[in-house]
Amino acid sequence: MARRHDLVGLTVLALLSVRASHPYELHRFILDTHKDYITGLPRSLYHAVERLAGDELIAPAGTGREGRRPERTVYEITDEGRAELRARLRQLLENPDPDRRVFVAAVSLIGCLPLPEAQRALRARAATIEGLVAGMEAHMRALADEGLPAILTLEVEAERALCTAELDWIRGVLDRLDKGELDWEVTVEM
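It should be emphasised that the depicted structure is a prediction, and the values quoted were computed from it without experimental measurement.

1. Some remarks on the environment of D178
Next up, step 1: Following the sequence through the fold, D178 ends up in helix 7 (residues 154–178).
Next up, step 2: Sequence separation of D178 and Q119 is 59 residues, and the distance between their C-alpha atoms is 8.9 Å.
Next up, step 3: Those residues in contact with D178 that sit more than four places away from it in its chain are Q119 and R123.
Next up, step 4: Of the polar contacts made by the side chain of D178, one reaches the side chain of R123; its length is 3.1 Å.

Written out as structure tokens, the structure is:
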């Protein structure tokens, strides 16, 4: 997955880590579960499947036909695909990105990671965001000390508020995980 984030490809890997499927079935599941961070369906999905197969992250598991429907190729994730999924997902969870859809996508797929890995990734993200918030607060204080009117720093204030809200949410999720209030082992029917 050489593309910057390739959220479609990441989602395909995640879904195939649950069970082998054909692209139309993946498409239906994405729509039914409102994975709204994915755009350009169905073409983007079919392109992602081609890329992933070309990179040997997924492989055809067989073909089948139901009734008069066209023959469909069922794909499964490879061991390399599983490793790529985990590495990419950890990276997206750990590192804040200006495009907030990236984090939403990573959270949507977080169950593909073992619980300890997910917790470590969220804690790393929280630490990074704490540093960002501290930096923004210092920057705003310095600008205020220089006499810059607050109206001219509203964008920094807004970004700080968004980061603080995300940080509070992450801390809440980690607390719920630590207390066992969130089930980690979930069975998904596609």
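2. A closer look at helix 2 (residues 23–32)
Next up, step 1: Of all the positions in helix 2, only P23, E25, L26, H27, F29 and I30 are classed as buried.
Next up, step 2: Tucked inside the fold, the buried residues of helix 2 contact helix 1 (7–18), helix 3 (43–54) and strand 2 (72–77).
Next up, step 3: Where helix 2 ends, the next residue or the one after it, H34, has phi of about 55°, a positive value.

3. Side note on the side chain of R125
Next up, step 1: Note that R125 resides in helix 6 (residues 115–145).
Next up, step 2: By relative accessible area, R125 is classed as buried at 2%.
Next up, step 3: Among the polar contacts made by the side chain of R125, one reaches the main-chain carbonyl oxygen of N95 at a distance of 3.5 Å.
Next up, step 4: Filtering out sequence-adjacent residues up to four positions away, R125 remains in contact with L92, L93, E94, N95, P96, D97, F103, E166 and I170.

4. Quick look at the domain arrangement of the protein chain
Next up, step 1: As far as domains go, the protein chain holds domain 1 (1–113) and domain 2 (114–189).
Next up, step 2: For domain 1 versus domain 2, the distance between C-alpha centres works out to 27 Å.
Next up, step 3: With 17 residues of domain 1 in contact, the opposing surface of domain 2 contributes 20 residues.
Next up, step 4: Both sides together, the interface formed by domain 1 and domain 2 hides about 1500 Å², and carbon and sulfur atoms give 63% of it.
Next up, step 5: Of all residues in domain 1, the largest losses of buried area upon contact with domain 2 belong to R100, F103 and L113, amounting jointly to 38% of the total for that side.
Next up, step 6: Here domain 1 is connected to domain 2 by four salt bridges.
Next up, step 7: When the shortest N-O distance is used, the salt bridge between E166 and R100 registers 3.0 Å.
Next up, step 8: For the interface between domain 1 and domain 2, the tally reads nine residue pairs in polar contact (both at pLDDT 80 or more).
Next up, step 9: Of the residues forming the side of domain 1 that touches domain 2, the biggest block, five residues, is contributed by helix 4 (residues 79–94).
Next up, step 10: Grouping the constituent residues of the side of domain 1 that touches domain 2 by class yields ten nonpolar, two polar and five charged.

5. With respect to the UniProt feature "domain: Transcription regulator PadR N-terminal" (unreviewed entry) in the protein chain
Next up, step 1: As annotated in UniProt, the feature "domain: Transcription regulator PadR N-terminal" (unreviewed entry) corresponds to residues 12–86 in the numbering used here.
Next up, step 2: A distance of 13 Å separates the end C-alpha atoms of residues 12–86, which is 49% helix and 17% strand.

6. Remarks on the environment of D6
Next up, step 1: Turning to its location among the elements, D6 is positioned in the segment before helix 1.
Next up, step 2: Taking relative accessible area as the criterion, D6 reaches 10% and is therefore assigned buried.
Next up, step 3: For the pair D6 and R88, spaced 82 residues apart in sequence, the C-alpha to C-alpha distance is 9.7 Å.
Next up, step 4: Polar contacts involving the side chain of D6 include one to the main-chain amide nitrogen of G9, which spans 3.0 Å.

What counts, and where the lines are drawn
Per chain, the residues get numbers from 1 upward, laid out in the order the sequence is written. Local features in this predicted model are restricted to residues of pLDDT 70 or higher, and side-chain atom pairs are both shown and tallied only at a pLDDT of 80 or more, whereas totals for entire chains, interfaces and linings draw on every residue. To get the side-chain values, take all heavy atoms of the structure and skip hydrogens and water. Numbering of helices and strands runs from the N terminus; a helix is a DSSP stretch of H or I covering at least four residues, while a strand is a stretch of E covering at least two. Whether two residues are in contact is decided by their heavy atoms, any of which lying within 4.5 Å being enough. N or O atoms within 3.5 Å of each other form a polar contact, as long as, within protein, one can give a hydrogen and the other can take it, and as long as residues adjacent in sequence are counted only when both atoms are side-chain atoms. The cut-offs for exposure are 20% and 50% of the maximum accessible area for each residue type, with area from a 1.4 Å probe on protein chains only; residues under the lower value are buried, those over the upper are exposed, and the others partly exposed. For the domains described, the bounds stem from an automatic or database domain assignment. Buried area adds together the accessible area that both of two parts lose upon being put together, with accessible area traced by a 1.4 Å probe. We count a salt bridge whenever a side-chain nitrogen from Lys or Arg sits within 4 Å of a carboxyl oxygen from Asp or Glu. Residue classes follow a fixed rule: Ala, Val, Leu, Ile, Met, Phe, Trp, Tyr, Cys and Pro count as nonpolar, while Asp, Glu, Lys and Arg count as charged, and any other residue, Gly among them, counts as polar. UniProt positions are given in the numbering used here, feature names are shortened, and annotations may be inferred rather than shown by experiment.

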